[in-house]
Amino acid sequence: MLKKERFQKVIDYFQEHMPVAETELHYTNPYELLVAVILSAQCTDKRVNLLTPAIFERYPKPEDMALATPDEIFELIRSCSYPNNKSKHLVGMAQMLIEDFKGIVPDDIKELQKLPGVGRKTANVIASVVYEKPAMAVDTHVFRVAARIGLTTNSKTPLDTEKQLVKYFPEELLPIAHHWLILHGRYVCIARKPKCGRCGLKAFCRYYEKEVYSS
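Residues numbered from 1 in each chain as written. Predicted model: local features only at pLDDT ≥ 70, side-chain atom pairs only at ≥ 80, totals over all residues. Heavy atoms only, no water.

Caption draft 1: Region of the structure containing the nonpolar core. Judged by nonpolar contacts, the single largest core of 37 residues is most densely connected at L34, V35, I55, M65 and M93. For this core, the elements supplying multiple residues, two or more each, are α2 (30-39), α3 (45-58), α4 (62-66), α5 (70-77), α6 (83-101) and α8 (120-129). Examining the composition of this core, we find that eight residues originate from one element, α2, more than from any other. Ignoring any residue separated from it by four or fewer positions in sequence, one finds M65 in contact with Y31, V35, I55, Y59, I73, L90, V91, M93 and A94. (Core = buried A, V, L, I, M, F, W, Y, C linked by side-chain atoms within 4.5 Å. Buried < 20%, exposed > 50% of the residue type's maximum accessible area, 1.4 Å probe, protein only. Helix = DSSP H or I, 4+ residues; strand = E, 2+ residues; numbered from the N terminus. Contact = heavy atoms within 4.5 Å.)

Structure follows, in structure tokens:
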């Protein structure tokens, strides 16, 4: 199957079966989503959503968080992965937002990556979810699912996966395609044992064809 054909089948399936796909992180504004995405690194959205209400109550604006200490933030996120680093990143992020961006979360991917704790994946999430820009964030789910289905070939890095996906997904679909792949990886194409029996993509999935059907 040609890659272009495989992409079209994936698009057709998700447009029919998952017409609405969005982040499972809870937020009400760009600042809150930025905090949540920074916390979500190597941590489940479910855990992050348990932590953020207390954080947003105490620090409703970046101006408030900029005045906090990492130790104060740590006490609120201690059950999250890497709380020491994340507490420092959150304070630094808030301070830079105030000092360099007038308290406004930037919409440019390069500008976003200047913020502490913000890598390319996080920047792409903010750009696509908040500002609806044609960006493809690649987390572990996207990286795994894209490779298994056959949307990417010999991809060794998240950036390589991003480039291949951006090449074949129509620009206007990139924001929702990001969520299609994440949610599929979270609930169906799980890491240890994908649920191929209930997967609607198996008819055109490279992994299913090679690892399941052929055996």
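Caption draft 2: Highlighting the side chain of T152. With respect to the secondary-structure elements, T152 resides in the loop between α9 (140-149) and α10 (158-168). Residue T152 is classed as buried on the basis of its relative accessible area, which comes to 1%. A polar contact is formed between the side chain of T152 and the backbone nitrogen of A147, at a distance of 3.4 Å. Discounting residues that sit within four places of it in the chain, T152 has contacts with K3, A146, A147, T161, Q164, L165 and R206. (Polar contact = N/O pair within 3.5 Å; in protein donor to acceptor, adjacent residues only side chain to side chain.)

Caption draft 3: Seen up close, the packing of aromatic side chains. This structure, assessed with the given rule, holds four aromatic pairs. Both rings, one in F7 and one in F169, keep their centres 5.0 Å apart while their planes meet at 80 degrees; by these two values the pair is edge-to-face. Of the two residues, F7 is situated in helix α1 (residues 3-17) and F169 in the loop between α10 and α11 (174-187); the sequence distance between them amounts to 162 residues. Aromatic pair Y13 and F14: ring centres 5.4 Å apart, planes at 75 degrees, arrangement edge-to-face. (Phe/Tyr/Trp six-rings, centres within 6.5 Å; stacked < 30°, edge-to-face > 60°.)

Caption draft 4: Spotlight on α8. With eight of its 10 residues buried, α8 lies for the most part within the structure. Among the residues making up α8, those that are buried are T122, A123, N124, V125, I126, A127, S128 and V129. Those residues of α8 that are buried lie in contact with α2, α7 (109-112), α10 and α11.

Caption draft 5: Main features of the pattern of salt bridges. Going through the model one piece at a time under the given rule, you end up with six salt bridges. In this structure, the salt-bridge partner of R78 is E75, at a minimum N-O distance of 3.0 Å. A relative accessible area of 48% means that E75 is categorised as partly exposed. With its nearest N and O atoms 2.7 Å apart, the salt bridge here joins K114 to E111. Accessibility expressed as a relative area gives 26% for E111, which makes it partly exposed. The network of salt bridges with shared partners includes E24, D45 and R186. (Salt bridge = Lys/Arg side-chain N within 4 Å of Asp/Glu carboxyl O.)

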